[in-house]
Amino acid sequence: MHGRITNPSGTEALLWLQRAATANPPLISAQLAVAALYDSGMGGVVSDPNLAMQWYQRAADNGSSLAQLAIGLHYTRANSRDDAQALRWIEKAANQGQAIAQYCAGVLYASGRGTKTDAIQAHMWLNLSNKSGYTPARSAFEQVSKGLSRAQTAKALNLANNW
């Protein structure tokens, strides 16, 4: 899984990261770093979205919520758009307490992307993200809250409290 290197100084760093990423047990942070290098094309590494996804997948398989979120966000992009897959991966990360993923899950439920529109699920995820301190979640949470009845709000709050 070696990519082309345009900056020789990036070669050694990438090789060391790949060694750590494939060690037994693998270093998940190294898997994320390799994925991010291929995703961004930084450090002299030529951008390669396919290799990035392979490395994100490895990290996600090892339980990384950041990798799960990255895969989910990948599926929201126009050239690879698959909202159901995006929601599936984003919810995996959200269920681990990843605040940005919780926000994204709330937005997907509120807009009906990857699922039918579900204001109660949107409220729950946005509430959790907001409580975790993710600032953008606050306004989205307030907007979704305005459209809920008291019974729906109570149900959403109960879901969040029992999450």
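Residues numbered from 1 in each chain as written. Predicted model: local features only at pLDDT ≥ 70, side-chain atom pairs only at ≥ 80, totals over all residues. Heavy atoms only, no water.

Chemist: Please set out the packing of helix α3 (residues 49-61) against helix α4 (residues 65-74) residue by residue, giving values where relevant.
Modeler: It is the contact of α3 with α4, at a shortest axis distance of 8 Å, that shows an interaxial angle of 140 degrees. If you check the angle between α3 and α4, you find them oblique. Like other packed secondary-structure pairs, α3 and α4 cross with a definite hand, here left-handed. Across from Met 53, Tyr 56, Gln 57, Ala 59 and Ala 60 in α3, the residues of α4 making contact are Ala 67, Gln 68, Ala 70, Ile 71 and His 74. Residue composition of the contact of α3 with α4, by class: seven nonpolar, three polar and no charged. (Axes fitted to C-alpha atoms, helices over the stretch in contact; angles between N-to-C directions. Helix = DSSP H or I, 4+ residues; strand = E, 2+ residues; numbered from the N terminus. Parallel < 35°, antiparallel > 145°, perpendicular 65-115°, else oblique. Left-handed = near helix turned anticlockwise from the far one by under 90°. Contact = heavy atoms within 4.5 Å. Nonpolar A, V, L, I, M, F, W, Y, C, P; charged D, E, K, R; others polar.)

Chemist: Report on empty space enclosed by the protein, specifying residues and quantitative values.
Modeler: In this approach the atoms are scanned with a rolling probe the size of a water molecule, which exposes any empty space left behind. Scanning the entire structure with this criterion turns up one cavity of 30 Å³ or more. Reported here for the largest cavity is a volume of approximately 50 Å³. Around the largest cavity, the lining residues are Asp 39, Pro 49, Ala 52, Met 53, Tyr 56, Ala 70, His 74 and Arg 77. Elements represented by at least two residues in the lining of the largest cavity include exactly α3 and α4. At four residues, α3 tops the list of elements feeding residues into the lining of the largest cavity. (1 Å grid on protein atoms, 1.4 Å probe; cavity = no way out; pocket = protein on both sides within 12 Å on 5 of 7 lines; lining within 4 Å. Points joined across faces, edges and corners; volume = space filled by probe spheres on them.)

Chemist: Describe the packing of aromatic side chains, with residues and values.
Modeler: Evaluated as defined, the whole model comprises two aromatic pairs. Between Trp 125 and Trp 163, the aromatic rings sit 6.3 Å apart at their centres with planes inclined by 75 degrees, giving edge-to-face as the arrangement. Here Trp 125, found in helix α7 (residues 119-131), pairs with Trp 163, found in the segment after α9 (150-161); they are 38 residues apart in sequence, far enough to count as distant. A relative accessible area of 44% means that Trp 163 is categorised as partly exposed. The ring of Trp 89 carries the charged tip of Lys 92 above its face, separated from the ring centre by 4.4 Å. (Phe/Tyr/Trp six-rings, centres within 6.5 Å; stacked < 30°, edge-to-face > 60°. Buried < 20%, exposed > 50% of the residue type's maximum accessible area, 1.4 Å probe, protein only. Lys NZ or Arg CZ within 6 Å of the ring centre and 35° of its normal.)

Such coordinate-based values are descriptive only and should not be taken to indicate function.
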